[in-house]
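An overview of the molecular structure
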Amino acid sequence: MEAVGVRFKKAGKIYYFDPGFLTLKPGDAVVVETARGVEFGSVVTGPVEVAAEPGELKPVLRKATEEDIRQALANKEKERQAFRICQEKILAHGLPMKLIGVDYTLDGSKIVFYFTAEGRVDFRQLVRDLASVFKTRIELRQVGVRDEAKMLGGIGPCGRELCCGTWLCEFAPVSIRMAKGQNLVLNPTKISGICGRLMCCLRYEALNYREEEVTEEEDAGEID
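Residues numbered from 1 in each chain as written. Predicted model: local features only at pLDDT ≥ 70, side-chain atom pairs only at ≥ 80, totals over all residues. Heavy atoms only, no water.

Let's shift gears to the sheet that holds strand 1 (residues 2-7). The strands making up a sheet associate through hydrogen bonds between their backbones, and the pairing can be parallel or antiparallel. Ordered in space as 2-1-4-3-5, the five strands form an open sheet in which the pairing is antiparallel. With partners counted over all chains shown, the strands left at the sheet margins are strand 2 (15-17) and strand 5 (60-63), one partner each. For this sheet, the mean inter-axis angle between neighbouring strands, taken without regard to orientation, is 45 degrees. Sheet topology note: the strand 1/strand 4 (residues 38-49) ladder contains five bridges and is antiparallel. Paired with Glu 2 across the bridge in strand 4 is Glu 49. (Pairing = 2+ DSSP bridges. Helix = DSSP H or I, 4+ residues; strand = E, 2+ residues; numbered from the N terminus. Axes fitted to C-alpha atoms, helices over the stretch in contact; angles between N-to-C directions.)

What follows deals with unusual backbone geometry. That bond from Gly 46 to Pro 47 is cis: its omega, 0 degrees, falls within 30 degrees of zero. For Pro 47, the position within the fold is in strand 4. Backbone geometry at Ala 11 places phi at a positive 60 degrees, although glycine is not the residue there. By the element assignment, Ala 11 lies in the loop between strand 1 and strand 2. Judged by its relative accessible area of 2%, Ala 11 falls in the buried class. (Buried < 20%, exposed > 50% of the residue type's maximum accessible area, 1.4 Å probe, protein only.)

Another aspect to go through is the environment of Glu 118. Looking at the secondary structure, you find Glu 118 in the loop between strand 7 (110-116) and helix 2 (124-134). Considering only alpha carbons, one finds Glu 118 and Leu 95, 23 residues apart in sequence, at a separation of 11 Å.

Relative to the helices and strands, Gln 182 is located in the loop between helix 5 (176-181) and helix 6 (188-191). If sequence neighbours within four positions are ignored, Gln 182 has contacts with Leu 202, Glu 205, Ala 206 and Tyr 209. (Contact = heavy atoms within 4.5 Å.)

A separate point is the packing of aromatic side chains. What describes a pair of aromatic rings is the distance from one ring centre to the other and the angle between the planes of the rings. Under the definition given, this model contains five aromatic pairs. A centroid spacing of 6.0 Å and a plane angle of 45 degrees characterise the contact between Phe 8 and Tyr 15, whose relative ring orientation is tilted. Accessibility expressed as a relative area gives 26% for Phe 8, which makes it partly exposed. Classification of Tyr 15 by relative accessible area gives partly exposed; the value is 39%. A centroid spacing of 6.1 Å and a plane angle of 85 degrees characterise the contact between Phe 8 and Phe 17, whose relative ring orientation is edge-to-face. Joined through ring pairs, the aromatic side chains of Phe 8, Tyr 15 and Phe 17 make up one cluster. Over the face of the ring belonging to Phe 171 we find Lys 150, whose NZ or CZ atom lies 5.9 Å from the ring centre. (Phe/Tyr/Trp six-rings, centres within 6.5 Å; stacked < 30°, edge-to-face > 60°. Lys NZ or Arg CZ within 6 Å of the ring centre and 35° of its normal.)

A few words now on the side chain of Glu 39. Here Glu 39 shows up in strand 4. Setting aside anything within four residues of it in sequence, one finds Glu 39 in contact with Phe 8, Val 30, Val 31, Val 32, Thr 34, Thr 105 and Leu 106.

So this is what it looks like as structure tokens:
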């Protein structure tokens, strides 16, 4: 069926929605129905054909109106205030967690707080406190260190903005074997990103190195 790809954050994952009878193109601001509620996003791909049955994809409710855009901007300010309040509550409860970001749904029906922690955190009282302050549904979502780097952004060892924060939509597996295949010094400080994990860019040229290795093996075979 025909669908459009929508992104909610810069370099965020692309999700597909049913445009219905709307004529949409990349760059259009839209309001969509998601599992979290009504959200504001931007069309980045489409219309395209996707493997989905009619009714399987959630719908694009409408092209964003001026009021929707004003609300989305107002929510950004609310998110900053919510971040500050949640941070104060975390400190008050002495919880071993680091707050990373906050998302409001467009209609304010839900607020999602993102955090990192070494292990499991009992944040039930925190959720109750936040619900009493904001009078809406609250979700606390634990994320990994790579997601933290993506959300916060920064400068990588190469001196450029992080790939994950500027254009890399989804993380792919990266292995130490990829570094070995590129004859890199296996020093953790040299092959790790600011997140502490292996740099995503190790994957970019891994296939080229593998192809060269295969070609060299074939050439050696011809000489023999």
